[in-house]
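# Observations on the three-dimensional arrangement
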Amino acid sequence: MGEDTRRVWGTAVLGAAALLLVVATVALDLRNVDPPPAAELDAGWTAALSGLAQLIPGLLLLQRLPRHPIAWILTGSGLLWIVDGFASSWATYAIYTSPGLPGASAAYWFYSRFGAFLLLGLPLLILLFPDGRLPTARLWRWLSIVSLALTMLLPLLLLVAPMETLQRYHNAALPPEITQLSLDPFSIDLPYGVWEPLLRVAYTAVLVSLVVPFAVTVHRYRAAERERRAQIRWLMWAALIDMIVLIVPFENPPAVSAIMFGLAIALTSAAIVVAVTKHRLYDVDRLLSATFLYGVLAVLVVGVDLAVFAIAGGVLGERDAALVAIAVVAVLYAPLRSRLWKWVRRLVRGSREDPYATMSTLAERLESAADPDEQLQAVARTLAEAFRLPYVRVEIERSGGRLAIVEHGRASGPTHALPVGYRGEPVGRLVFCPGDGTALSERDQRLLGDLVRQAAAAARASELSTELQQGRSRLVAAREEERRRLRRDLHDSLGPSLGAVALRIETARNLAKSAPAEADRMLDQATTEVAAALADVRRLVYDLRPPSLDELGLVRAIEQQAERFRLGGLAVSVDAETLGPLPAGVEVAAYRIASEALTNVARHAEASRCDITLRVDGTALELSVSDDGVGIGEEVTAGVGMLSVRERAAELGGVCSVTCPASGGTVVRVTLPLDAVPEVVHG
């Protein structure tokens, strides 16, 4: 049998035995009669419940960390509480319910004497928390050792002090049924003058056992690193829970108080297990603030409720007080209390508790934003407020590869990143700092994703609207510039040329009879000038639309361009399927982009081969130009040619990317939507 198997069986047997002891304790309490108050015998199930609340976490921790001192302390303390509870129940049963049964003296002695060792569990846990070692600093280590020694003093004295001495010290007399028992098996017979100061010091030392561990914890927290501080904050959360429980009145009814005390011990033990195992360690930050606020609010609510009932009872009497108090609470105070709870939850959790309100706030801020950058700022601010995030950064890719970055707050720890998508395409990312490592729940992450998607859609829509307006302005400017160029070319080049031709022809007519040779020379010059004018017309026509597109089609026109570069030594291949009729604008853009890309390869790439691929994929034309050259360095800025390629693609709503694969060379990929320009050229 392996060590792990033995450990599992050992903890299982120990847990089963403890559970049987708890069941036996409860069974005895159900049959027991109430002992006299002077006997100081309590119902054993309360101690057994507290012991079980420590034993179960201790056994779980033993399975995970079998050699950790904290696991053994929790387990041992839980067993001691359970045995102490059983001893109390058996003592009551053997002394008062069924007198004469064996073990009455041993049970009462264990409960009244050995039970004092229960005081040792909490200080020992605090001093050894969270790594199972005392503080390393010499002063604090010696203070811890002295504190533990003082804590041990009272249990040790109670083991050997005579019962008569204890009765005299506490000025209390035990019932005769108990005085007849054998209660001093290990007592040391010393004068009362010796016992009295020893007991006084021992009871005073109990207070020291609580002060020193608290000071040690503060020292450890101040000197600890980030992870150790998170572990200590779990202990602080447990202490806060215990304080809230102590505020609750214990007198009436006692069963409720015992259950709440056991629940507080269970939560404390669970917090210790979480801290020691470092499971979801940083969730404690949100838990601490929420527990404090909810605890304060609960105390205020209970206090106001009690005050309303007390005032109503004092003014109207007990008969009508209940009805009046219920009416006041229902009509006036209940709505206020509900609003207080909502306010506290919003203070702790942010507006994420009300997703509709968060969405509404985001929509309102997006509508009031004047430009895309202000919208991103609104997104960052809304997310930070909704999820109580100290730092939010939104990164969105703009057209042309520009990255827009908006930040809100200041980073105070590790950050997490979530992708931002629009229509299935990544357009940026959201970076946030949860603050001291607190992780968002799955529900929070879903809400965060919904908010980011809505924000991405709004930001992209605003950006597209801005780009559309800018595109319209560029189109108008380009149209007017093109008209100006055509007017200038016609006026300054073609017009004077045609005027000069007309003048030469008229001069030749006048010289035809008197000087035929001179007239023939003039006509020859006119012919040359007409040829030049025709060349200008062809240039103007080519600038408007390459004639080869109408004469040969897109693929053969690109082939014709490629032939020019083949003559220069560049191997160019054109791979194209049957494209079918294409919009005129798409044809011109594809032809210009391919020509510009070929020119860049020949001038800058130092390549020996270039491959051009054209495909129609659904509603878009895909053009790819790749080479085996030197690629583009990171420090190289885009020139006029590449900017022209990007602009031509953007004019039609297309996408252009320029990449340098690991295998070398450069790849220019362009996607041009066919529905961007509806007109189609046939033939």
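In short, a report on the structure. (Residues numbered from 1 in each chain as written. Predicted model: local features only at pLDDT ≥ 70, side-chain atom pairs only at ≥ 80, totals over all residues. Heavy atoms only, no water.)

### So, the overall build of the protein chain
Helix and strand counts for the protein chain come out as 21 helices and nine strands. Taking all 683 residues of the protein chain together, the buried fraction comes to 40%. A separation of at least 24 residues holds for 70% of the contacts in the protein chain among residues at least 6 apart in sequence. Of the roughly 37900 Å² of accessible surface on the protein chain, a fraction of 61% belongs to carbon and sulfur atoms. (Helix = DSSP H or I, 4+ residues; strand = E, 2+ residues; numbered from the N terminus. Buried < 20%, exposed > 50% of the residue type's maximum accessible area, 1.4 Å probe, protein only. Contact = heavy atoms within 4.5 Å. Areas by Shrake-Rupley, 256 points an atom, 1.4 Å probe, with all protein chains shown as cover.)

### Brief notes about the nonpolar core
Counting 37 residues, the largest nonpolar core has Leu554, Ile612 and Val670 as the members making the most contacts within it. If you list the elements that add at least two residues to this core, you get helix H19 (554–566), strand S5 (571–576), helix H20 (584–605), strand S6 (609–617), strand S7 (620–627), helix H21 (640–651) and strand S9 (667–673). No other element matches the 11 residues that H20 contributes to this core. Excluding anything up to four places from it in sequence, Ile612 contacts Ile558, Val572, Ser573, Val574, Asp575, Leu598, Leu623, Ser624 and Val625. One finds Leu52, Leu59, Phe129 and Ile232 within the second-largest nonpolar core, a separate group that totals 34 residues. (Core = buried A, V, L, I, M, F, W, Y, C linked by side-chain atoms within 4.5 Å.)

### A closer look at the pattern of salt bridges
In the structure shown here, the tally under the stated rule is seven salt bridges. Across the pair Arg113 and Asp184 runs a salt bridge whose closest N-O atoms are separated by 2.9 Å. Taken together, the residues Arg113 in the loop between helix H4 (104–112) and helix H5 (121–128) and Asp184 in the loop between helix H8 (176–179) and helix H9 (192–223) connect sequence positions 71 residues apart. Put simply, Glu559, Glu563 and Arg566 are held in one network by salt bridges that share partners. (Salt bridge = Lys/Arg side-chain N within 4 Å of Asp/Glu carboxyl O.)

### Examining the environment of Leu127
Residue position: Leu127 is located in helix H5. When the C-alpha atoms of Leu127 and Arg220 are compared, they prove to be 9.9 Å apart, with 93 residues separating the residues in sequence. Leu127 has contacts with Arg133, Leu134, Pro135, Ser144, Leu148, Pro213, Val216 and Arg220, leaving out every residue within four places of it along the chain.

### Structural notes on helix H3 (residues 69–97)
For H3, spanning 29 residues, the distance from its first C-alpha to its last is 40 Å, which sits close to the expected 42 Å at 1.5 Å a residue. Most of H3 is tucked away: 21 of the 29 residues are buried. (Expected span 1.5 Å × (residues − 1).)

### Section: a nonpolar patch on the surface
There is a patch of nonpolar side chains on the surface, built from Ile188, Leu190, Val194 and Leu198 and spanning about 280 Å² of accessible area. Within the secondary structure, Leu190 is located in the loop between H8 and H9. (Patch = residues over 30% accessible without salt bridge, like charges linked within 9 Å, V, L, I, M, F, W, Y side chains within 5 Å.)

### Observations concerning the packing of aromatic side chains
Applying the stated rule across the entire model yields five aromatic pairs. Between Phe110 and Phe114, the aromatic rings sit 4.9 Å apart at their centres with planes inclined by 25°, giving stacked as the arrangement. Residue classification places Phe110 among the buried residues on the basis of a relative accessible area of 18%. Residue classification places Phe114 among the partly exposed positions, given a relative accessible area of 27%. Cluster of aromatic residues (ring-pair linked, three or more members): Phe110, Phe114 and Phe117. Over the face of the ring belonging to Tyr192 we find Arg168, whose NZ or CZ atom lies 3.9 Å from the ring centre. (Phe/Tyr/Trp six-rings, centres within 6.5 Å; stacked < 30°, edge-to-face > 60°. Lys NZ or Arg CZ within 6 Å of the ring centre and 35° of its normal.)

### Digging into the side chain of Thr92
With respect to the helices and strands, the residue Thr92 is situated in helix H3. When its relative accessible area of 4% is taken as the criterion, Thr92 is described as buried. Within the structure, Thr92 has its side chain in polar contact with the backbone oxygen of Ser88 (distance 2.9 Å). The contacts of Thr92, once residues within four sequence positions are left out, are Asn32, Val33, Pro35, Leu41 and Thr97. (Polar contact = N/O pair within 3.5 Å; in protein donor to acceptor, adjacent residues only side chain to side chain.)

### Focus: the packing of helix H6 (residues 138–160) against H9
In contact at an axis separation of 8 Å, H6 and H9 are set at 145° when each is read in the N-to-C sense. Where H6 crosses over H9, the handedness of that crossing is left-handed. Of the residues that constitute the contact of H6 with H9, the class distribution is 21 nonpolar, five polar and no charged. (Axes fitted to C-alpha atoms, helices over the stretch in contact; angles between N-to-C directions. Left-handed = near helix turned anticlockwise from the far one by under 90°. Nonpolar A, V, L, I, M, F, W, Y, C, P; charged D, E, K, R; others polar.)

### Topic: the side chain of Asp84
Summarising the element assignment, Asp84 is placed in helix H3. An unpaired buried charge is present at Asp84: no salt bridge exists, and Arg113, the closest side chain of opposite charge, is 11 Å distant. Look past the residues within four positions of Asp84 in its chain and what remains in contact with it is Ala47, Phe110, Tyr111, Gly115 and Leu118. (Lys, Arg positive; Asp, Glu negative; His and termini not counted.)

### Considerations on the packing of H3 against H5
At a minimum axis separation of 10 Å, H3 and H5 run at an interaxial angle of 170°. On the basis of their axis angle, the class for H3 and H5 is roughly antiparallel. Contacts from Ile70, Ile73, Leu74 and Ser77 of H3 reach H5 at Gly121, Leu124, Leu125 and Leu128. In terms of residue class, the contact of H3 with H5 is made up of six nonpolar, two polar and no charged. (Parallel < 35°, antiparallel > 145°, perpendicular 65-115°, else oblique.)

### Remarks on the sheet that holds strand S8 (residues 655–659)
Here we have five strands laid out as an open sheet, ordered S5-S6-S7-S9-S8, and mixed in their pairing. The outermost strands of the open sheet, each flanked by one partner alone, are S5 and S8. The sheet shows a mean angle of 10° between the axes of neighbouring strands, direction not considered. In this sheet, S7 lies alongside S6 in antiparallel orientation, the contact comprising eight bridges. Paired with Asp617 across the two strands is Ala620, which belongs to S7. (Pairing = 2+ DSSP bridges.)

### Regarding unusual backbone geometry
Between Phe129 and Pro130 the backbone carries a cis peptide bond, its omega angle lying at 0°. Here Pro130 is to be found in the loop between H5 and H6. The backbone of Glu40 shows a phi angle near 55°, a positive value even though the residue is not glycine. The residue Glu40 is located in the loop between helix H1 (3–31) and helix H2 (44–64) in this model. The exposure class of Glu40 is exposed, given its relative accessible area of 54%. Despite not being glycine, Glu606 shows a phi value in the positive range, around 55°. Summarising the element assignment, Glu606 is placed in the loop between H20 and S6.

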